[in-house]
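Examining the three-dimensional arrangement
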Amino acid sequence: MKIVIPGGTGQVGAILNRALTAAGHEVVVVTRRPVRDREVGWDGATLGPWAEVIDGSDVVINLAGRSVSCRYSAANLQAMMDSRVHSAQVVGQAITAAARPPRIWLQMSTATVYAHRFDAPHDEATGVLGGTEPGAPGYWAYSVEIAKAWELAQERAETPYTRKVALRSAMVMSPDRGGVFDVLLRLARLGLGGPVAGGAQYVSWIHDRDFVRAVEFLVAREDLAGPVNLAAPLPLPQRAFMRALRASWGVPVGLPATKWMAEIGAFALRSDTELLLKSRRVVPSRLLEAGFDFDHAQWPEAAQDLVRRVRCRP
């Protein structure tokens, strides 16, 4: 198949590009800074010659959007909104204009669309969208609005011959340098991988190889459309998540951090505490009901596999 990945130069794009190319597919990445073969330039907001790679393709996987690993200033939040919505809109325009449109458009979204909660998990049918829940800082609502607008841009696109799926993805855990697992493992190795603000907040995650398998599953299943949660079926509290990660590397203890300590750490890392403190308890009901079988359903085993692969890195 010919698979086009706008915004495919980040961590998740690299995971998909590597796996799908190894499987024998023709993968073309659309990026602002093309430097390699099979990379095509665009500005992420307007139609141009890049749209020619959409015409005649089989699958489009749009991952474009500014990284969430930044301080949540007004300017950065607006950049997140604009980069996601404008790229989704223009991908939809390219599909609409194609003489031979792709049969499926997978649009990246996020599990952050769901409410901050501890009492029950969110699935696609009964999950509560966030933005007004008690106990959450007011500015967290803007992340939810970004996610809603991101999905709405895909939903509104007029692509009658192209099936559309919104990937409400949890954190994708891979051994690649610079990814979220790499950052968390570094903290654990330094003895800083303890509970944050008590550690009761839930962490939703998905192993990188299950993420790729889920994408392939969704491409093959013509009966699935709309929002789909891409998350392992067993989210767990942050304190248990980090305990299992420490155990996988052999670190006996992790220093706990209060909320204000997390604020200082996030500031030093040029990130935001929402990524640490929001309780994301998300389950993949639609995937499970459709028969998808996770190879890495439990975090302790997944962490051990990822650590083994980190140790084998060149």
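Attention now goes to the overall build of the chain. Helix and strand counts for the chain stand at ten helices and eleven strands. For the chain, the C-alpha radius of gyration of 19 Å lies close to 20 Å, the compact-globule estimate for 314 residues. Reported as C-alpha extents along the three principal axes, the dimensions of the chain are approximately 60 × 45 × 40 Å. Within the chain, the fraction of its 314 residues that count as buried is 53%. Taking contacts inside the chain between residues at least 6 apart in sequence as the whole, the part at least 24 apart equals 78%.

All right, on to the layout of surface pockets then. Estimated volume of the second largest pocket: approximately 220 Å³. As for the second largest pocket, its lining consists of 14 residues, of which Gly-8, Thr-9, Asn-17, Arg-36 and Glu-39 are closest to the centre. When residues of the lining of the second largest pocket are traced back to their parent elements, those giving at least two are helix H1 (11-22) and strand S2 (26-31). In terms of residue count, H1 provides more of the lining of the second largest pocket than any other element does, four residues in total.

Between its first and last C-alpha, helix H6 (residues 238-249) extends 17 Å over twelve residues, near the 16 Å set by a 1.5 Å rise per residue. Residues of H6 that are buried include every one of Gln-238, Phe-241, Met-242, Ala-244, Leu-245, Arg-246, Ser-248 and Trp-249, and no others. In this fold, the buried residues of H6 make contact with strand S7 (171-173), helix H4 (180-189), strand S8 (202-203), strand S9 (205-207), strand S11 (236-237) and helix H10 (299-311). One or two positions beyond H6, positive phi appears at Gly-250, with a value near 95 degrees.

A few words on the sheet that holds S2. Sheet strands pair by backbone hydrogen bonding; their relative direction is either parallel or antiparallel. Overall, parallel pairing links the seven strands, which are arranged S3-S2-S1-S4-S5-S6-S10 in an open sheet. With one partner strand each, in any of the chains shown, strand S3 (39-41) and strand S10 (226-230) form the two edges of the open sheet. Neighbour-to-neighbour, the strand axes of this sheet turn through a mean angle of 20 degrees, independent of strand direction. Note: strand S5 (residues 104-108) against strand S6 (residues 163-169), five bridges, orientation parallel. When the bridges of S6 are listed, Leu-106 appears paired with Val-165. Helix H2 (residues 74-97) rests against strand S1 (2-6), strand S4 (59-62) and S5 of the sheet, and its axis sits at about 175 degrees to S5. Across the face of the sheet, helix H3 (residues 140-156) comes into contact with S5, S6 and S10 while running at roughly 170 degrees to S6.

Turning our eyes to something else, we now look at the pattern of salt bridges. In the structure shown here, the tally under the stated rule is 14 salt bridges. Across the pair Asp-119 and Arg-117 runs a salt bridge, and its minimum N-O distance is 2.9 Å. When its relative accessible area of 60% is taken as the criterion, Asp-119 is described as exposed. Its salt-bridge partner being Asp-305, residue Arg-309 comes within 3.5 Å of it at the nearest N-O pair. Of this pair, Arg-309 and Asp-305 are both found in helix H10, four residues apart, which corresponds to roughly one turn of the helix. Like Arg-309, the residue Asp-305 is buried in the burial classification. Within this structure, Asp-208, Asp-305, Arg-308 and Arg-309 form a network of salt bridges that share partners.

Nonpolar side chains collect at one region of the surface, where Leu-190, Leu-192 and Leu-255 lie side by side and expose about 320 Å² of accessible area between them. Secondary-structure assignment places Leu-255 in the loop between H6 and helix H7 (259-268). Judged by its relative accessible area of 54%, Leu-255 is exposed.

Remark: H1 packs on helix H5 (residues 208-220), axes separated minimally by 10 Å, with the N-to-C direction vectors making an angle of 65 degrees. The angle between H1 and H5 falls in the class roughly perpendicular. As for how H1 packs across H5, the hand of that crossing is right-handed. For the pair H1 and H5, contact is made by Val-12, Ile-15, Leu-16, Ala-19 and Leu-20 and by Asp-208, Phe-211, Val-212, Val-215 and Glu-216, respectively. A per-class count over the contact of H1 with H5 returns eight nonpolar, no polar and two charged.

Now for the nonpolar core. Ranked by internal contacts, the top residues of the largest apolar core, which has 42 residues, are Leu-16, Ile-61, Leu-106, Phe-211, Leu-218, Leu-230 and Leu-287. Element by element, the count of residues in this core is highest for H5, at seven residues. Beyond its immediate stretch of four places on either side in the chain, Leu-218 contacts Ile-104, Leu-106, Arg-163, Val-165, Leu-167, Leu-224, Val-228, Leu-230 and Leu-287. Within the second largest apolar cluster, 21 residues are counted, among which are Phe-181, Ala-232, Leu-236 and Val-251.

What counts and what doesn't
- Residues numbered from 1 in each chain as written.
- Predicted model: local features only at pLDDT ≥ 70, side-chain atom pairs only at ≥ 80, totals over all residues.
- Heavy atoms only, no water.
- Helix = DSSP H or I, 4+ residues; strand = E, 2+ residues; numbered from the N terminus.
- Rg over C-alpha atoms; globule rule 2.2 N^0.38 Å.
- Buried < 20%, exposed > 50% of the residue type's maximum accessible area, 1.4 Å probe, protein only.
- Contact = heavy atoms within 4.5 Å.
- 1 Å grid on protein atoms, 1.4 Å probe; cavity = no way out; pocket = protein on both sides within 12 Å on 5 of 7 lines; lining within 4 Å.
- Points joined across faces, edges and corners; volume = space filled by probe spheres on them.
- Expected span 1.5 Å × (residues − 1).
- Pairing = 2+ DSSP bridges.
- Axes fitted to C-alpha atoms, helices over the stretch in contact; angles between N-to-C directions.
- Salt bridge = Lys/Arg side-chain N within 4 Å of Asp/Glu carboxyl O.
- Patch = residues over 30% accessible without salt bridge, like charges linked within 9 Å, V, L, I, M, F, W, Y side chains within 5 Å.
- Areas by Shrake-Rupley, 256 points an atom, 1.4 Å probe, with all protein chains shown as cover.
- Parallel < 35°, antiparallel > 145°, perpendicular 65-115°, else oblique.
- Left-handed = near helix turned anticlockwise from the far one by under 90°.
- Nonpolar A, V, L, I, M, F, W, Y, C, P; charged D, E, K, R; others polar.
- Core = buried A, V, L, I, M, F, W, Y, C linked by side-chain atoms within 4.5 Å.

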